[in-house]
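# Structure assessment
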Amino acid sequence: MRRLTPLVLAFGILLTLVAAGPALASNYRYWSFWDGSAGQWAYASLGPSMARPADGSAWGFRFAVSKDAGDEAARPRAAADFGAVCGATPAAEGKKRVAVVVDFGLPADAPSGEEPPQDAPRTACAQIAPDATAAEALASVAKPLRYNSAALLCAVSGYPKQGCGEPLAEGPGTASSPATATASGPADGRDSASPAGSGSGPSAGLLAGIAAVAALAAAALWQSRRRRTR
């Protein structure tokens, strides 16, 4: 029994680390990006600087405190309805029309000392070049925009004045519920960065700890078998 003690201890530590994993996941205060091309908001697979919306599509931006995950991030509170936003805007030669929804979020999600510029989501019909990106569509209707050095969208129409995708501590009241049932997604080059430069999965430290404990467990098992063969 004494020989198995290191192995049991190692697996106990491993289970503790795995159980602690979800608690390490953070909420973020950030602008998420949504594709409404199918009439329903879907967490965008690309950031706005990479996505090239088609004529007749709808794209949304939502500021909120939530996780960087499609099933947990807060959706825009206005419908993904191209006709409602662009129906009165006539088509123009050499241009495409894109419905843009900008949801500044709830007062509870605002950074300290700030408040959303308006309560209801803002909608606008962007008329842009055929090859323009979603970022260009947003810039045409909601300046000024602010980005950080990693191309993460930090502010729309100057809101918020400070901060950019910072992680926040978990706890009651820190995360807003999805408005209509579902971080970006982060509104940047989604293939390269999350709101704070890391994904919503396990941290590098946690993975390294798990690897170290697994190595310890393997060594303990090898030592136990070696003693048995003597």
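Below is a summary of the structure that appears in this document.

## Overview of the overall build of the protein chain
Looking only at helices and strands, one finds four helices and eight strands in the protein chain. In sequence order, the protein chain lays out its α and β elements as α-β-β-β-α-β-β-α-β-β-β-α. Within the protein chain, the fraction of its 230 residues that count as buried is 41%. Just so you have it, the protein chain exposes about 11700 Å², and 58% of that area is on carbon and sulfur atoms.

## Describing the pattern of salt bridges
Two side chains bearing opposite charge may form a pair once their charged atoms approach each other closely. Following the criterion strictly, the structure yields three salt bridges and no others. Two residues, Arg77 and Asp103, come together in a salt bridge whose shortest N-O distance is 2.7 Å. Of this pair, Arg77 sits in the loop between β3 (57-66) and α2 (82-86) while Asp103 sits in strand β4 (residues 96-103), and the two are 26 residues apart along the sequence. A relative accessible area of 30% places Arg77 in the partly exposed class. If you follow the salt bridges from partner to partner, you end up with Arg62, Arg77 and Asp103 in one network.

## Things to note about the state of the cysteines
This model, assessed by the stated rule, comprises two disulfides. The disulfide that involves Cys86 links it to Cys125, with 2.2 Å between the sulfurs. Judged by the sign of its S-S torsion, about 110 degrees, the bond between Cys86 and Cys125 is right-handed. Here Cys125 lies in strand β5 (residues 122-128) and Cys86 lies in helix α2, a separation of 39 residues in the sequence. Like Cys125, Cys86 is buried. Between the sulfur atoms of Cys154 and its disulfide partner Cys164 the distance amounts to 2.0 Å. Since a negative S-S torsion denotes a left-handed disulfide, the Cys154-Cys164 link at about -75 degrees is left-handed. Of this pair, Cys154 sits in strand β7 (residues 153-156) while Cys164 sits in the loop between β7 and β8 (166-168); the two residues are ten residues apart in sequence, bridging distant segments of the chain.

## Quick look at helix α3 (residues 134-141)
Residues of α3 that are buried include every one of Ala134, Ala135, Ala137 and Leu138, and no others. Buried residues of α3, viewed axially, fall in a sector of 160 degrees; they line one side.

## Let's talk about unusual backbone geometry
Here the residue pair Lys143 and Pro144 is connected by a cis peptide bond, since its omega of -5 degrees sits within 30 degrees of zero. Tracing the backbone shows Pro144 in the loop between α3 and β6 (145-147). Across the junction of Tyr159 and Pro160, the peptide omega takes the value -5 degrees, indicating a cis bond. Residue Ala151 is not a glycine yet carries a positive backbone phi of 70 degrees. Residue position: Ala151 is located in the loop between β6 and β7.

## Describing the packing of aromatic side chains
One pass over the full model with this rule turns up eight aromatic pairs. Ring centres of Trp31 and Phe63 lie 5.4 Å apart, and the angle between their planes is 50 degrees; this geometry places the pair in the tilted category. Taken together, the positions of Trp31 in strand β1 (residues 27-35) and Phe63 in strand β3 put the pair 32 residues apart, joining distant regions of the chain. Each member of the pair, Trp31 as well as Phe63, carries the same accessibility label: buried. Relative to Tyr43, the ring of Trp34 has its centre 5.3 Å away and its plane inclined at 75 degrees; by these criteria the two rings are edge-to-face. Note on Trp34: relative accessible area 0%, which makes it buried. Pairwise contacts between aromatic rings join Trp31, Phe63, Phe104 and Tyr159 into one cluster.

## Quick look at the environment of Ala58
Tracing the backbone through its elements, the reader meets Ala58 in strand β3. Taking the relative accessible area as the measure of exposure, Ala58 reaches 2% and is therefore buried. Each C-alpha atom, one on Ala58 and one on Ala134, is 9.7 Å from the other, the two residues being 76 residues apart in sequence. Not counting chain neighbours up to four residues away, the residues in contact with Ala58 comprise Trp34, Asp35, Gly36, Ser37, Trp41, Ala80, Asp81, Phe82 and Ala99.

## Things to note about the nonpolar core
In this structure, Trp31, Phe33, Phe61, Val100, Val102, Leu138 and Val156 are the most contacted members of the largest nonpolar core, which totals 22 residues. Those elements that provide at least two residues to this core are β1, β3, β4, β5, α3 and β7. In this structure, Trp34, Ala58, Ala80 and Cys125 belong to the second largest nonpolar core, which totals 14 residues.

Procedures and definitions
- Residues numbered from 1 in each chain as written.
- Predicted model: local features only at pLDDT ≥ 70, side-chain atom pairs only at ≥ 80, totals over all residues.
- Heavy atoms only, no water.
- Helix = DSSP H or I, 4+ residues; strand = E, 2+ residues; numbered from the N terminus.
- Buried < 20%, exposed > 50% of the residue type's maximum accessible area, 1.4 Å probe, protein only.
- Areas by Shrake-Rupley, 256 points an atom, 1.4 Å probe, with all protein chains shown as cover.
- Salt bridge = Lys/Arg side-chain N within 4 Å of Asp/Glu carboxyl O.
- Disulfide = S-S within 2.5 Å.
- Arc of directions from axis to C-beta.
- Phe/Tyr/Trp six-rings, centres within 6.5 Å; stacked < 30°, edge-to-face > 60°.
- Contact = heavy atoms within 4.5 Å.
- Core = buried A, V, L, I, M, F, W, Y, C linked by side-chain atoms within 4.5 Å.

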